[in-house]
Amino acid sequence: GLKGNILKAADKMPADSYSFRPTPDIRTFARVVNHVTEAQLRSCGTINGTAPDALPKAPPETADKAAIVAALQASFAECDKAMASLTDENLLQMLTLGPVTRTRIGFAWATVSHDNEQYATLALYMRLKGLVPPSSEK
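Figured I'd write up the structure that's included with this text. (Residues numbered from 1 in each chain as written. Predicted model: local features only at pLDDT ≥ 70, side-chain atom pairs only at ≥ 80, totals over all residues. Heavy atoms only, no water.)

With their axes 10 Å apart at the nearest point, helix α2 (residues 29–48) and helix α4 (residues 104–128) run at an angle of 170° to one another. Of the possible angle classes, the one that applies to α2 and α4 is roughly antiparallel. In this structure, α2 uses Phe29, Val32, Val33, His35, Val36, Ala39, Gln40, Ser43, Cys44, Thr46 and Ile47 to contact α4, whose residues at the interface are Arg104, Phe107, Ala108, Thr111, His114, Asp115, Gln118, Thr121, Leu122, Tyr125 and Met126. Within the contact of α2 with α4, the residues separate by chemical class into 12 nonpolar, 8 polar and 2 charged. (Axes fitted to C-alpha atoms, helices over the stretch in contact; angles between N-to-C directions. Helix = DSSP H or I, 4+ residues; strand = E, 2+ residues; numbered from the N terminus. Parallel < 35°, antiparallel > 145°, perpendicular 65-115°, else oblique. Contact = heavy atoms within 4.5 Å. Nonpolar A, V, L, I, M, F, W, Y, C, P; charged D, E, K, R; others polar.)

Structure (structure tokens):
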């Protein structure tokens, strides 16, 4: 699934390619992974009622691959907890994150939608480095 593909992409990209960016004005591979981490922590933390300052932080994009992947895994743990907390009774509960107020299911859907968009970017970076993205493996 999507979680597995993102985690496998992060694992499969060699450490020395985490600094890869297709052109000078766009994000590095590491920055895209960190962006997934940060977005998941914010959205899923909101669903879980976790105070923003209690959430782990993504390391700098210049950190080593292991630290970046560990933070990504921590963000998926926060999201696993959030998705497991969804019930028929609480799906429409309104939650607020900064200037955004939406339903609990709205935050969950936005997380999955955003992860899909970012996986497409990770897969493209992998293709540009001559690697097969996890979703295309046989």
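Remember that side chains alternate between the two faces of the sheet whenever the strand is regular. The pairing of strand β1 (residues 94–97) with strand β2 (residues 100–103) spans 4 bridges and is classified as antiparallel. Across the sheet, the residue bridging to Met94 is Thr103, located in β2. Between β1 and β2, which pair antiparallel one after the other, the connecting turn spans 2 residues, and Gly98 there sits at a positive phi close to 55°. (Pairing = 2+ DSSP bridges.)

Covalent bonding between the sulfur atoms of two cysteines defines a disulfide. Per the stated rule, a full pass over the model turns up 1 disulfide. Covalently, Cys44 is tied to Cys79 through a disulfide, its sulfur atoms 2.0 Å apart. With the S-S bond torsion at 95°, the cross-link from Cys44 to Cys79 turns out right-handed. Note that Cys44 is positioned in helix α2 and Cys79 in helix α3 (residues 65–84), a separation of 35 residues in sequence. (Disulfide = S-S within 2.5 Å.)

Attention now moves to the packing of α2 against α3. At a minimum axis distance of 8 Å, the contact between α2 and α3 shows a crossing angle of 25°. Judged on the interaxial angle alone, α3 and α2 are roughly parallel. In this structure, α2 meets α3 at a crossing whose hand is left-handed. Facing Ala30, Val33, Asn34, Val36, Thr37, Gln40, Leu41, Cys44, Gly45, Ile47 and Asn48 of α2, the residues of α3 in contact are Ile68, Ala71, Leu72, Ala74, Ser75, Phe76, Glu78, Cys79, Lys81 and Ala82. Classifying every residue of the contact of α2 with α3 gives 13 nonpolar, 6 polar and 2 charged. (Left-handed = near helix turned anticlockwise from the far one by under 90°.)

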